[in-house]
Each structure stands twice: as structure tokens, then as C-alpha cells.
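The primary structure of each chain is shown beneath.
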Amino acid sequence: MNIKEKIENYFIELDVPYERKEDNLWIISDESRSLQNIAVTLEDSIVTITVNVMQVPNKGKEELFSKLLALNATDLMHGAYAIEGNAIVLLDTLEGETLDLKELQASLDAIGLALTQHYKVLAEYRN
């Protein structure tokens, strides 16, 4: 079984609603797990799970970036906050060749939990 088939089989086993958008891109939308518009991409056997959290604010950037770094260090089991262009994203990368069901589930659970728990903290900085 190739990595793409493995990913889709894991989505099915985890009962995660997804849509295949491109050959190596899936979008997960599951409100019950706080997983809305989660992009899962596969490139060179690296599986990347990404969600756009918010735009970089006009004011309070330094304070927000400090909070994000602190959350990365103390409150995230999988993944990290990062900046892509003008967006703050939450992402995790996994090795596709050795990816297993529990690893993917743990990553998705951690992202959903972080989005829920950090919402109030990050909402203060939205434009």
C-alpha cells in the first residue's frame, strides 16, 4: 500500500470526514473534533498537517509571537505555531513511510485540542 492509500485508509478508520482536493492534498472538516479546514499534504514522503489559525495582527505582534513561542514550548503535544506569509498556522509534520494510525490520530487530536484551548488567548490579537 502506498502512502496516499495509507492516509486515506487511516481517515476512514478514524471516521474523519475528508475531501481529496488534489493528488497529494486532503481537506479535513470535522466540527465535532474542532478540525475545520485542516490541510493534509504529502510531499516527498513527508505528511504535513496544517490549519490557518489567523492573520498576523497589525498591533501587538511581538506580544503575540512571544505567546505563540511559549505555547509551542509548554502546551503543544504535537506540532507548532508558525508563520506562512501573513498567516499564523498550526502545523505538524510526520514521516509518511513509517506513519501509523495512532500517530496520525494523536497529531489530529493535539491540533483539535490546541485550537479549542488556545482560541481565547489568540482571539485577543485578531484584527
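Each value, and the rule that gives it
Residues numbered from 1 in each chain as written. Predicted model: local features only at pLDDT ≥ 70, side-chain atom pairs only at ≥ 80, totals over all residues. Heavy atoms only, no water. Helix = DSSP H or I, 4+ residues; strand = E, 2+ residues; numbered from the N terminus. Rg over C-alpha atoms; globule rule 2.2 N^0.38 Å. Buried < 20%, exposed > 50% of the residue type's maximum accessible area, 1.4 Å probe, protein only. Areas by Shrake-Rupley, 256 points an atom, 1.4 Å probe, with all protein chains shown as cover. Lys, Arg positive; Asp, Glu negative; His and termini not counted. Charge placed at Lys NZ, Arg CZ, Asp CG, Glu CD. pLDDT = per-residue confidence, 0-100. Pairing = 2+ DSSP bridges. Axes fitted to C-alpha atoms, helices over the stretch in contact; angles between N-to-C directions. Contact = heavy atoms within 4.5 Å. Core = buried A, V, L, I, M, F, W, Y, C linked by side-chain atoms within 4.5 Å. Polar contact = N/O pair within 3.5 Å; in protein donor to acceptor, adjacent residues only side chain to side chain.

A. Quick look at the overall build of the protein chain. Counting its regular elements, the protein chain contains four helices and six strands. Across the protein chain, helices and strands are ordered from the amino to the carboxyl terminus as α-β-β-β-β-α-β-β-α-α. Against the compact-globule benchmark of 14 Å for 127 residues, the protein chain has a radius of gyration of 15 Å, which places it among compact chains. Counting every position in the protein chain, which comprises 127 residues, the buried fraction comes to 39%. Accessible area of the protein chain: about 7300 Å², with a carbon and sulfur share of 49%. The distance from the centre of the 11 positive side-chain charges to the centre of the 22 negative ones in the protein chain is 7 Å.

B. Looking closely at the confidence of the model for the protein chain. Residue-level pLDDT values for the protein chain average 95, and 100% of them are 70 or greater. By mean pLDDT, the top-scoring element of the protein chain is strand β6 (residues 87–95) (98), and the lowest-scoring one is helix α4 (residues 119–123) (93).

C. The arrangement of the sheet that holds strand β1 (residues 18–22) in detail. In space, the six strands of this open sheet follow the order β1-β2-β3-β4-β6-β5, with antiparallel pairing throughout. Edge strands, defined here as strands with exactly one partner in the open sheet, are β1 and β5 (80–84). The sheet shows a mean angle of 30 degrees between the axes of neighbouring strands, direction not considered. Sheet topology places strand β2 (residues 25–30) next to strand β3 (residues 35–43); five bridges connect them, and they run antiparallel. By the bridge assignment, Leu25 is partnered in β3 with Thr41. Each of β4 (46–55), β5 and β6 is contacted by helix α2 (residues 61–74), which is oriented at about 140 degrees to β5, the strand it contacts most. Across the sheet, helix α3 (residues 101–117) is in contact with β2, β3, β4, β5 and β6; its angle to β6 comes to roughly 165 degrees.

D. Local environment of the nonpolar core. Of all hydrophobic cores here, the largest spans 33 residues; its most connected members are Tyr81 and Leu104. For this core, the elements supplying multiple residues, two or more each, are α1 (3–13), β2, β3, β4, α2, β6 and α3. By residue number, the principal contributor to this core is β4, which donates five residues.

E. Representation of the environment of Arg33 within the structure. Considering the arrangement of structural elements, one finds Arg33 in the loop between β2 and β3. Of the residues examined, Arg33 reaches a relative accessible area of 31% and is grouped as partly exposed. Spatially, the C-alpha atoms of Arg33 and Gly112 are 6.0 Å apart, while their sequence positions differ by 79 residues. In contact with Arg33, not counting residues within four places along its chain, are Leu14, Asp15, Val16 and Gly112.

F. The arrangement of the side chain of Lys6 in detail. Of note, Lys6 is situated in helix α1. Side-chain polar atoms of Lys6 contact the backbone oxygen of Leu99, separated by 3.3 Å. Not counting chain neighbours up to four residues away, the residues in contact with Lys6 comprise Met1, Gly96, Glu97, Thr98 and Leu99.

G. Region of interest: the environment of Glu84. The topology assignment puts Glu84 in strand β5. Through-space distance from the C-alpha of Glu84 to that of Arg20 is 22 Å; in sequence the pair is 64 residues apart. Apart from the residues lying within four places of it in its own chain, the contact partners of Glu84 are Thr50, Val89 and Leu91.

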